[in-house]
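Observations on the model geometry
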Amino acid sequence: MTALPARSLSPESDRRRSPQEGERTDILLRLARFATSAPYAGVYLVQDADDEQGRSGSLLCRGLPVDAEVVVAQLARQVVLRGEPFELIRTVDRPDGEATFPRSFLGVPFSSQAPAIHGCLYVMDVVERRWTPEQRLALQDLATLTPQDLLAEVGEQERRALETVVRVLAKAVDNLPLGVTVTDLSGRIVYTNPAEARMHGYSVEEMIGMPASVLGPPEHRQTDPLKPEEALSWTRETVNVRKDGSRFEVRLWSDVVTDASGEPVGLVTCCEDVTDRRRTERRLLDVAMRDPLTGLPNRTLFYERLSNAIEKQRKNPLLRFAVLFLDLDRFKIVNDSLGHHVGDQLLRVVASRLLDCVRPGDTVARFGGDEFAILLENTGAGDTAIDVANRTLSALSQPVQLGGYEIVTSASVGVVQSATHMTEADYIWQAADMAMYRAKSAGPGRYEVFDREMHREAVSRLRLESDLRRGLETGQFRIDYQPIIELGSNAVVGFEALVRWDHPELGELHPNDFIAVAEETGLILKLGQWVLSQACREARSWEAQGDSPAPWVAVNLSVKQLGQRGLADRVREALRAADLPPRRLRLEITEASVMVGAEAATETLQELRALETPLVLDDFGTGLSSLRYLDRLPIAGVKIDRSLVEALRTDGRRAKLVEGVIRLARDAGLRVIAEGVSYAEELDELRRLGCDEAQGYLISPPLAAQAVQDFFAPSTRRQPANPAPLSSVLKNEDRAEPDDSARSTAGLAGELAPQHPVSQRLLPGHVPRAPTEDTIPFSVPE
């Protein structure tokens, strides 16, 4: 069943009708009462057009008691559902003794197909009565007239309701802050609200009938009428034009207006003035894109402009550009000695001078700290970038008076000139960074231009980084162990763990070949954790020799390791997992790693000392302040750098320094270890000076893990073939010093020196590996 929506036919709305509006319906109801002699007559209409069961309806009846409405509605609904007349006489009283109302009810159904109307015309009485056949027939005849009477009234009421809605909507639209315009398909404005008129500097009357294209800029105006199939909904941001010709930014929303058949007849467009919002957004974006100290563009804005320059060159290869990366030399000294406020003033001066060195349209940016960058666009084929680099170095070298001090600064500059193969901003920046560091290594106040050789190095470095990640995932690393002997007994007391990379293409790589990449990428943390754990596990299998305790293993810790929290916990876990006593692990640290953060490093070293794991200061004697660490750090020994050991044989003056270092260390109660021992004379002199331990290719090259295992196996363990003192065994004619090419790891694969013959006498049973440069042992627990 379908029904006519009758939102205006509720009893409340009926009571609000004027006599003229309800005259025809009132006549109908009076006729129904007259024909049946009933005191009440009314109409019930189904309200919901989708209500097939007639559950939702509306009563139209004057004077009906409120407490009877529910009962009457239920009875009338039964008539609608049955589709036939229904009569009811009630004889049951209420509990309070009063008569149930109504006591008599007669209803007949009615309906209409166009539009669909379904309902019931009913009469009722407060007393029990029966309706005569003539009365029933009269009521049925009246019911056939009911739809036409109601249609006329409903149509009028809906028209008035629609007019009310239109007035309400018009009032709401008139008060909207957004502009609203309705145009026909020819583009003429047929309606606009005051906000739209004010926004464009017109009155509402002026805008009615004018073409809407006048509101847009001339370059976007469309003069041809809009075809129905071209009427589309859209949203965009653009620029509109006021009556005085000024322009402002707007956001537009447009939708199609259709007629009853769904055909487009026009467009309704909402317009928002976003000028202030966009101005605020640009101001905030400018703040976010600029360095607050100097006002220069920051890294983000520089990268954006660099990407634009790359895109321009991709479209036109003749539009070349260049990038300069500057790092101030010794800027930290200014901050540390004169204070950060003076350092900030110096940075502002540097920024101003850099701006004076470039052309209008070029970009000078500050990346943070003392790093600056310059983007030169449209450099052509000349030496524009070189000219700017020279002007920059000259300008920065001029003294500046700040805080009562005369400050002279300089910079190291890396220059990259664009090429068609440089299509990524990150790659260009890496190239500039590499050139800058090449310049800094050559001395202050210099520039370097990125060339093909640097390019090959960069590609090789990127490839090595990728291979390093893959090598960690696939287990390409192993550890060799170099024996350390006690000079008093010639007994092997420990081994130093030295990591090796079995690269599938380049062969065996030593730490010198990949440590720098591992440090920069952070992969050293993962690799270092593996080295520490693996060395502890393998050392656990080493056995004692005779009455001597089982040897210990020495693992170096890198600079980054001391900055990690929980280092002591990681070491403790590695010892626990391997079931290795703490005294059998020796941790070696360098002076450089301590100087990076002396206070934090000292705290970490105290935690490690609490584990009863000995700490050794490695590369001792190479720094300017090594001696002051002897009484400050919780160390158990020092390892003399190989350069000082070599001086025992080649430089008498420095040999005295070695003697002093050994004496100071022993007076401080520290053990002294010498590394890089390559000649018998060096070993004899170290023993004479009171050095405790030594290692080097004279004694043995690093051994593979299996060779160390074989050395401690019962079948191979024995005393040295020649029990005489080592100093008397090693003659000058026996030495086989590694040549210079072997002592410095050249290339990624490294060159290998010949095997030392004496090492077989000292360590019978081992499988010697060819010696190389005394490498950089390390381990950084994650």
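It should be emphasised that the depicted structure is a prediction, and the values quoted were computed from it without experimental measurement. (Residues numbered from 1 in each chain as written. Predicted model: local features only at pLDDT ≥ 70, side-chain atom pairs only at ≥ 80, totals over all residues. Heavy atoms only, no water.)

**Concerning the overall build of the chain**
- The secondary structure content of the chain amounts to 25 helices and 27 strands.
- Counting contacts in the chain only where the partners sit at least 6 residues apart, residues at least 24 apart contribute 63% of the total.
- Surface summary for the chain: the accessible area is close to 38,000 Å², and the carbon and sulfur share equals 52%. (Helix = DSSP H or I, 4+ residues; strand = E, 2+ residues; numbered from the N terminus. Contact = heavy atoms within 4.5 Å. Areas by Shrake-Rupley, 256 points an atom, 1.4 Å probe, with all protein chains shown as cover.)

**Some details on the pairing of strand β12 (residues 363-368)**
- Where burial is concerned, most of β12 is hidden: five out of the six residues are buried.
- For β12 and strand β13 (residues 371-377), the ladder comprises five bridges, and the chain directions are antiparallel. Residue pairing for β13: Gly 368 is matched across the bridge by Glu 371.
- Between β12 and β13, which pair antiparallel and follow one another directly, the connecting turn spans two residues, one of which, Gly 369, has a positive phi of 60°. (Buried < 20%, exposed > 50% of the residue type's maximum accessible area, 1.4 Å probe, protein only. Pairing = 2+ DSSP bridges.)

**Brief notes about the environment of Thr 192**
- With respect to the helices, strands and loops of the structure, Thr 192 is situated in strand β7 (residues 189-192).
- Exposure remark for Thr 192: the relative accessible area of 2% places this residue in the buried category.
- Through-space distance from the C-alpha of Thr 192 to that of Val 180 is 5.6 Å; in sequence the pair is twelve residues apart.
- When sequence neighbours within four positions are dropped, the list of residues in contact with Thr 192 reads Val 180, Thr 181, Ala 197, Val 204, Met 207 and Ile 208.
- A polar atom in the side chain of Thr 192 sits 3.4 Å from the backbone oxygen of Val 180.
- Among the polar contacts listed, one links the side chain of Thr 192 to the side chain of Thr 181, at a separation of 3.4 Å. (Polar contact = N/O pair within 3.5 Å; in protein donor to acceptor, adjacent residues only side chain to side chain.)

**So, the sheet that holds β13**
- Ordered by their spatial adjacency, five strands build an open sheet running β12-β13-β11-β16-β17, and the pairing between neighbours is mixed. Taken across any chain shown, the strands that pair with only one partner, and hence form the sheet edges, are β12 and β17 (447-449). Strand after strand, the sheet turns through a mean of 20° between neighbouring axes, direction not considered.
- Lying over the sheet, helix α12 (residues 425-442) contacts β11 (321-328), β12, β13, β16 (411-417) and β17, oriented at roughly 140° with respect to β16. (Axes fitted to C-alpha atoms, helices over the stretch in contact; angles between N-to-C directions.)

**Quick word on the environment of Thr 132**
- Inspection of the secondary structure assignment puts Thr 132 in the loop between β5 (116-125) and α4 (133-174).
- Residue classification places Thr 132 among the partly exposed positions, given a relative accessible area of 33%.
- In this structure the C-alpha to C-alpha distance between Thr 132 and Thr 36, which are 96 residues apart in sequence, comes to 8.3 Å.

**Quick word on the state of the cysteines**
- Applying the stated rule across the entire model yields zero disulfides.
- There is no disulfide at Cys 271, and the cysteine sulfur nearest it, in Cys 270, is 8.9 Å away.
- A relative accessible area of 1% places Cys 271 in the buried class. (Disulfide = S-S within 2.5 Å.)

**Here's the deal with the nonpolar core**
- Core analysis: the biggest nonpolar cluster contains 75 residues, and Phe 514, Leu 585 and Leu 608 have the highest contact counts within it.
- Here this core gets eight residues from one element, more than from any other, and that element is helix α15 (residues 523-540).
- When residues no more than four places from it in sequence are discounted, the contact partners of Phe 514 are Leu 464, Leu 468, Phe 477, Val 499, Trp 501, Leu 509 and Leu 527.
- The next biggest cluster of nonpolar side chains, apart from the first, holds 29 residues, and it includes Leu 346, Ala 351, Phe 372 and Val 413. (Core = buried A, V, L, I, M, F, W, Y, C linked by side-chain atoms within 4.5 Å.)

**Let's talk about the pairing of strand β23 (residues 615-620)**
- Counted residue by residue, β23 has five buried out of six residues, so it is predominantly covered.
- Sheet topology places strand β22 (residues 585-590) next to β23; four bridges connect them, and they run parallel. The residue bridging Leu 587 from the neighbouring strand is Leu 615, located in β23.
- Pairing geometry for β23 and strand β24 (residues 637-640), over three bridges, is parallel. Each residue of the ladder has a partner; that of Phe 620, found in β24, is Ile 640.

**Details of the pattern of salt bridges**
- Considering all chains together, one arrives at 36 salt bridges under this definition.
- In this structure, the salt-bridge partner of Arg 277 is Glu 272, at a minimum N-O distance of 2.3 Å.
- The residue Asp 276 makes a salt bridge to Arg 279 at a minimum N-O spacing of 2.8 Å. Taken together, the residues Asp 276 and Arg 279, both in helix α7 (residues 275-288) and three residues apart, mark about one turn of the helix.
- The exposure class assigned to Asp 276 is exposed, which follows from its relative accessible area of 54%.
- The exposure class assigned to Arg 279 is partly exposed, which follows from its relative accessible area of 41%. (Salt bridge = Lys/Arg side-chain N within 4 Å of Asp/Glu carboxyl O.)

**Here's the deal with helix α14 (residues 511-521)**
- Those residues of α14 that sit buried are Pro 511, Asp 513, Phe 514, Ile 515, Val 517, Ala 518 and Glu 519.
- Where α14 is buried, its residues contact α13 (452-474), β18 (477-486), β19 (492-503), β20 (507-509) and α15.
- One or two steps after α14, the chain reaches Gly 522, where phi turns positive at roughly 85°.

**Details of the packing of aromatic side chains**
- The final tally for this structure, using the stated rule, is ten aromatic pairs.
- Taken together, a centroid distance of 4.4 Å and an interplanar angle of 55° make the contact between Phe 325 and Trp 429 tilted. You can see Phe 325 sitting in strand β11 and its partner Trp 429 sitting in helix α12, a full 104 residues away along the chain.
- Given the relative accessible area of 1%, Phe 325 is considered buried.
- Trp 429 sits in the buried class, given a relative accessible area of 9%.
- Taking 5.2 Å as the distance between ring centres and 90° as the angle between the ring planes, the aromatic pair formed by Tyr 481 and Trp 542 counts as edge-to-face. Of this pair, Tyr 481 sits in strand β18 while Trp 542 sits in the loop between α15 and β21 (552-556), and the two are 61 residues apart along the sequence.
- A relative accessible area of 4% means that Trp 542 is categorised as buried. (Phe/Tyr/Trp six-rings, centres within 6.5 Å; stacked < 30°, edge-to-face > 60°.)

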